[in-house]
Amino acid sequence: MEATFKHSGDLGDIVYSLPVMKALGGGVLYLDPNGGKGTGNVNLGYKDYTNLNVKGIEFLRPLLEIQSYITDIKLWSGEAVDYNLDEFRKHIKFNNLAYSHLCAFKLPNSYADLRWLYEIKIKEGYEDKFILSRSPKVQGNHEFWEFNVRQIRENCVFIGLEKEHEIFEYALGYSVQFYKVSDALEMAEIIYSGKQFIGNQSLAQSIAEGLKKPLICEVNKNYPAVVFNRKEAKYV
């Protein structure tokens, strides 16, 4: 029988859990549309559930479906599973999110030091573009964006929510091309096709890391949860 896995986390957390699935031979991935509410698996200090919902799952689904180690994606409604990926929360400490997932299942960090997102197609015309994404959730280095991105703004493409793009332009005072992606697979295609990803801790950043693209990431100074020791990744 196929192994079964379950996750209740936010979209980026799910992407960072994939090295575990790959290392354990893959199988069926159950995603909780209620974000873990009432299960005791989530304790964020101020609420017991994440933002995961059906809309987010459907946004992520096309990217997950093409990974050879994921045989199916199902909505979780209480089924018993072989591997509860929410266990990563017990192992966060000062690990990055991928290492926390691996630690929960006694797997070495090296599984996340290799690429884990595959089958992504190139979109023509983006090979010289800097791909930008900045969510309002984790910010802390306005000066980096103010002084560096301004110099390359004519050669940038912003991906993410329209509101995030609006806030980005408002905060920095200049315009940047916006590409509205239809789902996480198209987001991955844009990131994979670009020259470099520049963003903060977010779904887009987790995809860039899963692809092992050159990147610059604005990290949370209190918990830099996405730092990897590789030459093409820099953190500000």
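The sections below set out a description of the structure shown in this document. The structure displayed is predicted, hence computed values, not measured ones.

**Examining the pairing of strand E5 (residues 130-133)**
Now for step 1: Side chains Phe130 and Leu132 of E5 all project onto a buried face; the interleaved residues Ile131 and Ser133 project onto the opposite face, where all are buried too.
Now for step 2: In this sheet, strand E6 (residues 156-159) lies alongside E5 in parallel orientation, the contact comprising three bridges. For Phe130, the partnering residue across the bridge sits in E6 and is Cys156.
Now for step 3: As paired elements, E5 and strand E8 (residues 196-200) share four bridges and run parallel to each other. Looking at E8, one finds that Phe130 is bridged to Gln196.

**Concerning the nonpolar core**
Now for step 1: Within the largest apolar cluster, 57 residues are counted, with the highest numbers of intra-cluster contacts made by Ile191 and Ile207.
Now for step 2: A per-element tally of this core places helix H1 (residues 11-23) first, with seven residues.
Now for step 3: Not counting the four nearest positions on each side in its chain, Ile191 is found in contact with Ile131, Ile159, Phe197, Ala204, Ile207, Ala208, Leu211 and Lys213.
Now for step 4: Among the nonpolar cores identified, the runner-up in size contains 13 residues, and Phe130, Phe144, Trp145 and Phe158 belong to it.

**What to know about the packing of H1 against helix H7 (residues 203-210)**
The packing of two helices is summarised by the inter-axis angle and the distance between the axes.
Now for step 1: Taken N-terminus to C-terminus, the directions of H1 and H7 make an angle of 15°; their axes are 8 Å apart at the nearest point. The orientation of H1 with respect to H7, classified from their angle, is roughly parallel. Crossing geometry of H1 relative to H7 is assigned as left-handed. Facing Leu11, Gly12, Val15 and Tyr16 of H1, the residues of H7 in contact are Leu203, Gln205, Ser206, Ile207 and Glu209.

**A look at the pattern of salt bridges**
Now for step 1: Here the structure, examined in full by the defined rule, presents 14 salt bridges.
Now for step 2: Among the ionic pairs, Glu58 bridges to Arg61, the shortest N-O distance being 3.0 Å. With Glu58 and Arg61 both in helix H2 (residues 54-65), this residue pair falls three residues apart, about one helical turn.
Now for step 3: Exposure remark for Glu58: the relative accessible area of 37% places this residue in the partly exposed category.
Now for step 4: Arg61 gets classed as buried once you look at its relative accessible area, which sits at 16%.

**So, helix H6 (residues 184-193)**
Now for step 1: In terms of burial, H6 is a largely internal element, nine of the ten residues being buried.
Now for step 2: Buried residues of H6: Ala184, Leu185, Glu186, Met187, Ala188, Glu189, Ile190, Ile191 and Ser193, and no others.
Now for step 3: Where the residues of H6 are buried, they touch H2, E5, E6, strand E7 (177-179), E8 and H7.
Now for step 4: Residue Asp183 occupies the N-cap position of H6, its side-chain oxygen lying 3.0 Å from the main-chain nitrogen of Leu185.

**Thoughts on the sheet that holds strand E9 (residues 215-218)**
Now for step 1: The strand order across the open sheet formed by six strands is E7-E6-E5-E8-E9-E10, and the pairing between neighbours is parallel. At either margin of the open sheet sits one strand with a lone partner, and together these are E7 and strand E10 (233-235). Neighbour to neighbour, the strand axes of the sheet diverge by 25° on average, direction disregarded.
Now for step 2: Direction of pairing for E6 relative to E7: parallel, over a ladder of three bridges. Looking across to E7, one finds that Ile159 is bridged to Tyr179.

**Section: the packing of aromatic side chains**
Now for step 1: Inspection of every chain in the model, using the stated rule, returns ten aromatic pairs.
Now for step 2: When the centroid spacing of 6.0 Å and the interplanar angle of 55° are considered together, the rings of Tyr16 and Trp116 count as tilted. Taken together, the positions of Tyr16 in helix H1 and Trp116 in the loop between helix H3 (97-104) and E5 put the pair 100 residues apart, joining distant regions of the chain. There is no split in this pair, since Tyr16 and Trp116 are both buried.
Now for step 3: For the ring pair Tyr126 and Tyr179, a centre distance of 6.1 Å and an interplane angle of 80° mean the geometry is edge-to-face. Placement of the pair is Tyr126 in the loop between H3 and E5 and Tyr179 in strand E7, with a sequence separation of 53 residues. By the burial criterion, Tyr126 is buried, and Tyr179 matches it.
Now for step 4: Lying across the ring of Tyr174, Arg153 places its NZ or CZ 5.3 Å from the centre.
Now for step 5: The aromatic ring of Phe228 is capped on one face by Lys212, whose charged end is 4.4 Å from the ring centroid.

**Quick look at unusual backbone geometry**
Now for step 1: Not every positive phi belongs to a glycine, and Lys106 is a case in point at roughly 55°.
Now for step 2: As for its placement among the helices and strands, Lys106 is situated in the loop between H3 and E5.
Now for step 3: The exposed category is assigned to Lys106, whose relative accessible area is 78%.

Conventions adopted
- Residues numbered from 1 in each chain as written.
- Predicted model: local features only at pLDDT ≥ 70, side-chain atom pairs only at ≥ 80, totals over all residues.
- Heavy atoms only, no water.
- Buried < 20%, exposed > 50% of the residue type's maximum accessible area, 1.4 Å probe, protein only.
- Helix = DSSP H or I, 4+ residues; strand = E, 2+ residues; numbered from the N terminus.
- Pairing = 2+ DSSP bridges.
- Core = buried A, V, L, I, M, F, W, Y, C linked by side-chain atoms within 4.5 Å.
- Contact = heavy atoms within 4.5 Å.
- Axes fitted to C-alpha atoms, helices over the stretch in contact; angles between N-to-C directions.
- Parallel < 35°, antiparallel > 145°, perpendicular 65-115°, else oblique.
- Left-handed = near helix turned anticlockwise from the far one by under 90°.
- Salt bridge = Lys/Arg side-chain N within 4 Å of Asp/Glu carboxyl O.
- Polar contact = N/O pair within 3.5 Å; in protein donor to acceptor, adjacent residues only side chain to side chain.
- Phe/Tyr/Trp six-rings, centres within 6.5 Å; stacked < 30°, edge-to-face > 60°.
- Lys NZ or Arg CZ within 6 Å of the ring centre and 35° of its normal.

Don't take any of this as a statement about function, it's just geometry.
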